[in-house]
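The chain contents come next:
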Amino acid sequence: CMRLTPLLALLVLVLPSTRPAAAQPGLVIEQVTLVDPTATAPLRTVTIVVRDGRIEALDAGAARPPAFRVIDGRGKFVLPGLWDMHAHLAAITPTGRIPEDYVGHGVLAVRDMGSYPDSIFPLRERIRRGDRVGPELVVAGPTLNGEASAGFHRKVVTAAEARAAVREVRAQGADFIKIHRATTREAFFAIADETRRLGIAFAGHVPLVLSWREASDAGMFSIEHIQTMYENEEPNPARVAASFPQVTARLEGAYGDSIFAVLRRNRTWFDPNLIGYERTIDDAAPAVASLRRSAYQRMKVVAAHAVRSGVGILAGTDVRERHGDALLTELERLVEVGLTPQQALAAATTAAADA
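Residues numbered from 1 in each chain as written. Predicted model: local features only at pLDDT ≥ 70, side-chain atom pairs only at ≥ 80, totals over all residues. Heavy atoms only, no water.

Undergrad: Give me the sheet that holds strand β7 (residues 107–112): which residues, what numbers.
TA: Ordered in space as β6-β7-β8, the 3 strands form an open sheet in which the pairing is parallel. Here the strands that pair on one side only, and so sit at the sheet edges, are β6 (82–87) and β8 (136–139). Going from strand to strand, the sheet's axes swing by 20° on average, the running direction of each strand aside. Note that β7 and β8 share 4 bridges and pair parallel. Bridge pairing in β8 links A109 to E136. Where helix α3 (residues 117–129) meets the sheet, it contacts β7 and β8, and its direction lies at approximately 150° from that of β8. (Pairing = 2+ DSSP bridges. Helix = DSSP H or I, 4+ residues; strand = E, 2+ residues; numbered from the N terminus. Axes fitted to C-alpha atoms, helices over the stretch in contact; angles between N-to-C directions. Contact = heavy atoms within 4.5 Å.)

Below you can see the structure in the form of structure tokens.
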């Protein structure tokens, strides 16, 4: 089948990434191939009419309003704007790293899974005002964790600390709450209850003191990173590498079936971040890289099991550079673990919108 990256390289961005000038009443893209990730027949030829930054007609016979700018779309493709469902735009310095790169690759929305609040919230507002080109940002702000293992982490241990943190981060402007692996059971269930009370989601790593089934049953919205599944099965970091073959066999069998059945029943999304792990392999020393490469192949086997089990899959990257390009590669990796190209596009478009 056609590789995804060449297909997406032909992307036509329908909407401008900055506010349209008043002198330009609208845009017509004629005879372009529409890629619809939800359709039984995903390709059809349409003419698209955009007025005041919004699509008002999408039909093969749509009329061309006078004075609208016209683009010949023959030989090109248009699809919904892409989402990167796992990013960190302001977790390192300099902050706000090249959000323009996302837009240049057709990534028009990003779920930021943890950043410095005094950087990420102002960046989101600058993009919303049109002062800077960038994707729409859905933001967690500081990550809640049982230890401050990164500068943008906020330590919470008790239920009272966790509830207070959820309320304060929400008041800062967070759209959802991100948690990490060192979260205590007490704090986890307090976060689950407080976010439910406030009507917002919580997502991230399943704490090492919980199972994936417990986290899903408690209402965790999405679980991130394929490697965290192994960490939860073997919480001792000194034994994780040695246990990979045995854990893979367990996850590939009936035990894995039981986990993915719970995720599917609860509609807990899974964001495997394959490219995020893959990018760590070549950065490591040769001996470590060899271990990671072997582990990565086993992770992809488990990710394929999740796909076969019908778990809802999202496309995220968790990379610090080559932002948009990395998402296109993630879509190819999702095809490698069993999604069709159409389903992989859905993971970064319509499934992300549903989520």
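Undergrad: Which residues make up the confidence of the model for the protein chain, and what values do they have?
TA: Averaged over every residue, the pLDDT of the protein chain is 90; residues scoring 70 or more account for 92%. Every residue in residues 1–22 is under pLDDT 50, and counting partners more than four places away or in other chains gives 45 contacts. (pLDDT = per-residue confidence, 0-100.)

Undergrad: Let's hear about the packing of helix α10 (residues 274–281) against helix α11 (residues 286–308): which residues, and what values?
TA: Packing of α10 against α11 leaves a shortest axis separation of 9 Å and a crossing angle of 160°. With respect to α11, the element α10 is oriented roughly antiparallel. Pair α10 / α11 crosses with left-handed handedness. Only A289, R292, R293, A295, Y296, M299 and K300 of α11 make contact with α10, whose side of the interface consists of L274, Y277, E278, T280 and I281. Looking at the contact of α10 with α11 residue by residue, the classes come out as 7 nonpolar, 1 polar and 4 charged. (Parallel < 35°, antiparallel > 145°, perpendicular 65-115°, else oblique. Left-handed = near helix turned anticlockwise from the far one by under 90°. Nonpolar A, V, L, I, M, F, W, Y, C, P; charged D, E, K, R; others polar.)

Undergrad: Residue-level account of helix α12 (residues 323–336), with values.
TA: Residues spaced three or four apart along an α-helix point in a common direction, a consequence of the helix completing one turn every 3.6 residues. Counted at 1.5 Å a residue, the expected span for α12 with its 14 residues is 20 Å, and the 20 Å between its end C-alpha atoms agrees. Among the residues making up α12, those that are buried are H323, G324, A326, L327, L328, T329, E330, L331, E332, R333 and L334. Downstream of α12 by a residue or two, G338 has a phi angle that is positive, lying close to 125°. (Expected span 1.5 Å × (residues − 1). Buried < 20%, exposed > 50% of the residue type's maximum accessible area, 1.4 Å probe, protein only.)

Undergrad: Explain the nonpolar core to me, and be specific about the residues and the numbers.
TA: Membership of the largest hydrophobic core comes to 76 residues, with the highest contact counts inside it found for I177 and L334. No other element matches α11, which puts 9 residues into this core. Beyond its immediate sequence surroundings of up to four residues, I177 is in contact with L144, V166, V169, I191, T195, I200, A201, F202 and A203. Counting residues in hydrophobic clusters, the runner-up holds 8 residues, among them L27, V32, V50 and V78. (Core = buried A, V, L, I, M, F, W, Y, C linked by side-chain atoms within 4.5 Å.)

Undergrad: Go over the side chain of H180 with me, naming the residues and quoting the values.
TA: Here H180 shows up in the loop between β11 (177–179) and α5 (185–198). At 3.3 Å, the side chain of H180 and the side chain of H205 are in polar contact. When residues no more than four places from it in sequence are discounted, the contact partners of H180 are T143, L144, N145, H153, H205 and P207. (Polar contact = N/O pair within 3.5 Å; in protein donor to acceptor, adjacent residues only side chain to side chain.)

Undergrad: Describe the environment of G114, and please don't skip the residues or the numbers.
TA: Positionally, G114 belongs in the loop between β7 and α3. Relative accessible area serves as the criterion here: at 0%, G114 is assigned to the buried category. In this structure, the C-alpha to C-alpha distance between G114 and A150, residues 36 residues apart in sequence, is 10.0 Å. Sequence-distant contacts of G114, that is, excluding residues within four places in its chain, are made with A87, H88, A91, A140, G141, T143 and F152.

Undergrad: Explain the packing of aromatic side chains residue by residue, including any values.
TA: As enumerated under the stated definition, the model contains 6 aromatic pairs in all. On the numbers, 5.1 Å between centres and 90° between planes, the contact of F188 with F189 is edge-to-face. By relative accessible area, which is 0% here, F188 ends up buried. Overall, the relative accessible area of 36% leaves F189 in the partly exposed class. (Phe/Tyr/Trp six-rings, centres within 6.5 Å; stacked < 30°, edge-to-face > 60°.)

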